[in-house]
Amino acid sequence: MQLNLPARPYAFKCKLSSTALIIIDMQRDFIEPGGFGETLGNDVSLLSAIVPQCQNVLNAWRKAGGMVVHTREAHRPDLSDCPPAKISRGNASLRIGDVGPMGRILVAGEPGNQIIPELKPMDGEIVIDKPGKGAFYATSLHEQLQQRGISHLIFMGVTTEVCVQTTMREANDRGYDCLLLEDCTESYFPEFKTATLEMVHAQGGIVGWTAPADTLLQVLAKTEKSGE
Ligand code: C5J
């Protein structure tokens, strides 16, 4: 199935069979009230607002038979994969590994570290636990995508300017064509989201493409109807 999506700075063309949907860090601790994000003073309702549209895309992508990858920012319980600089940075009252409202902060297996129930991974979908902001650093993501012949990536998730943008830049440097779905990503700082979208498609798509999710939903619905 060939997908031809109106996008910025120009049309994003890909084949379903060589494209993966990458969902970045839609974890309870970043998105749900009472989690780590909220304890840092952030308004998590900004992030939770994108969940319904992310669900629409995930459902349509699954229906079309596309490959799905979920990521989580997650460290080993002994924090051996977490640089001391990452733990000590900033003046948060809770640090990585401390016990927060939903268990230990950014530690694999803890309740807050799980992907929100609305976007729960299904059997057969890849889940990448990543110690960095970028999903390619110290993970098997690149190898797994290469094994499946993936050349194009469609991104959703949070936060736009941190883990989403970092992963897109890593992907871009590894030769993937990347599209970010504009209303399926969010930041605690709306101005950072706006700036990131501009950065991604600036200079003829220096990092990739951006488009509203409806463009993908419409193309998927049309191809389903025509039985392509
Ligand atoms: C993500 C963060 N997922 N902001 N993490 O963006 O620390």
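About the cut-offs
- Residues numbered from 1 in each chain as written.
- Predicted model: local features only at pLDDT ≥ 70, side-chain atom pairs only at ≥ 80, totals over all residues.
- Heavy atoms only, no water.
- Disulfide = S-S within 2.5 Å.
- Buried < 20%, exposed > 50% of the residue type's maximum accessible area, 1.4 Å probe, protein only.
- Axes fitted to C-alpha atoms, helices over the stretch in contact; angles between N-to-C directions.
- Helix = DSSP H or I, 4+ residues; strand = E, 2+ residues; numbered from the N terminus.
- Parallel < 35°, antiparallel > 145°, perpendicular 65-115°, else oblique.
- Left-handed = near helix turned anticlockwise from the far one by under 90°.
- Contact = heavy atoms within 4.5 Å.
- Phe/Tyr/Trp six-rings, centres within 6.5 Å; stacked < 30°, edge-to-face > 60°.
- Near = heavy atom within 4 Å.
- Polar contact = N/O pair within 3.5 Å; in protein donor to acceptor, adjacent residues only side chain to side chain.
- Areas by Shrake-Rupley, 256 points an atom, 1.4 Å probe, with all protein chains shown as cover.
- 1 Å grid on protein atoms, 1.4 Å probe; cavity = no way out; pocket = protein on both sides within 12 Å on 5 of 7 lines; lining within 4 Å.
- Sits in = over half its atoms within 2 Å of the grid points.
- Nonpolar A, V, L, I, M, F, W, Y, C, P; charged D, E, K, R; others polar.

Participant: Describe in detail the state of the cysteines, supporting the description with residues and values.
Facilitator: Counted under the stated rule, the structure contains 0 disulfides. In this structure Cys184 is not part of a disulfide, and its nearest cysteine sulfur, from Cys54, lies 4.2 Å away. The exposure class assigned to Cys184 is buried, which follows from its relative accessible area of 0%.

Participant: Can you break down the packing of helix H4 (residues 51-64) against helix H9 (residues 213-226) residue by residue, with the values?
Facilitator: Interaxial distance between H4 and H9 falls to 10 Å at its minimum, and their mutual angle equals 30 degrees. Taken as axis vectors, H4 and H9 run roughly parallel relative to one another. The two elements H4 and H9 cross, and the hand of that crossing is left-handed. Together, Gln53, Asn56, Val57, Ala60, Trp61, Lys63 and Ala64 of H4 and Ala213, Asp214, Leu216, Leu217, Leu220 and Glu224 of H9 make up the contact between the two elements.

Participant: Can you break down the environment of Met67 residue by residue, with the values?
Facilitator: With respect to the element layout, Met67 can be found in strand S4 (residues 67-73). The class for Met67 is buried, based on a relative accessible area of 15%. Residues Met67 and His201 lie 134 residues apart in sequence; the distance between their C-alpha atoms is 24 Å. Excluding its chain neighbours within four sequence positions, the residues that come into contact with Met67 are Thr19, Ala20, Leu21, Trp61, Ile126, Leu145, Arg148 and Ile150.

Participant: Run through the packing of aromatic side chains, naming residues and quoting values.
Facilitator: This model, assessed by the stated rule, comprises 4 aromatic pairs. Ring centres 5.4 Å apart and planes at 75 degrees place the aromatic pair Tyr10 and Trp209 in the edge-to-face group. Pair noted here: Tyr10 is in the loop between strand S1 (2-5) and strand S2 (12-15) and Trp209 is in strand S10 (residues 209-211), with a separation of 199 residues, a long-range link. Judged by relative accessible area, Tyr10 falls into the partly exposed class, the value being 46%. Measuring from ring centre to ring centre gives 5.0 Å for Phe189 and Phe192, while their planes differ by 45 degrees; the resulting arrangement is tilted. Phe192 gets classed as partly exposed once you look at its relative accessible area, which sits at 37%. A network of ring pairs unites the aromatic residues Tyr10, Phe12 and Trp209 as a single cluster.

Participant: Hey, could you go over the site of the ligand for me, with residue numbers and the actual values?
Facilitator: Around the ligand, a shell composed of Asp25, Phe30, Glu73, Lys133, Val158, Thr159, Val162 and Cys163 is seen. Between the ligand and Lys133, the relevant distance is 2.9 Å, taken from an oxygen atom to a side-chain nitrogen or oxygen of the residue. Within the backbone of Cys163, a nitrogen or oxygen atom sits 3.2 Å from an oxygen atom of the ligand. For the ligand, whose accessible area on its own is 230 Å², the fraction buried by protein is 85%. When atoms are counted within 2 Å of each cavity's grid points, the one that captures over half of the ligand is the largest pocket. Here the residues of the shell around the ligand are counted per class, giving 4 nonpolar, 1 polar and 3 charged.

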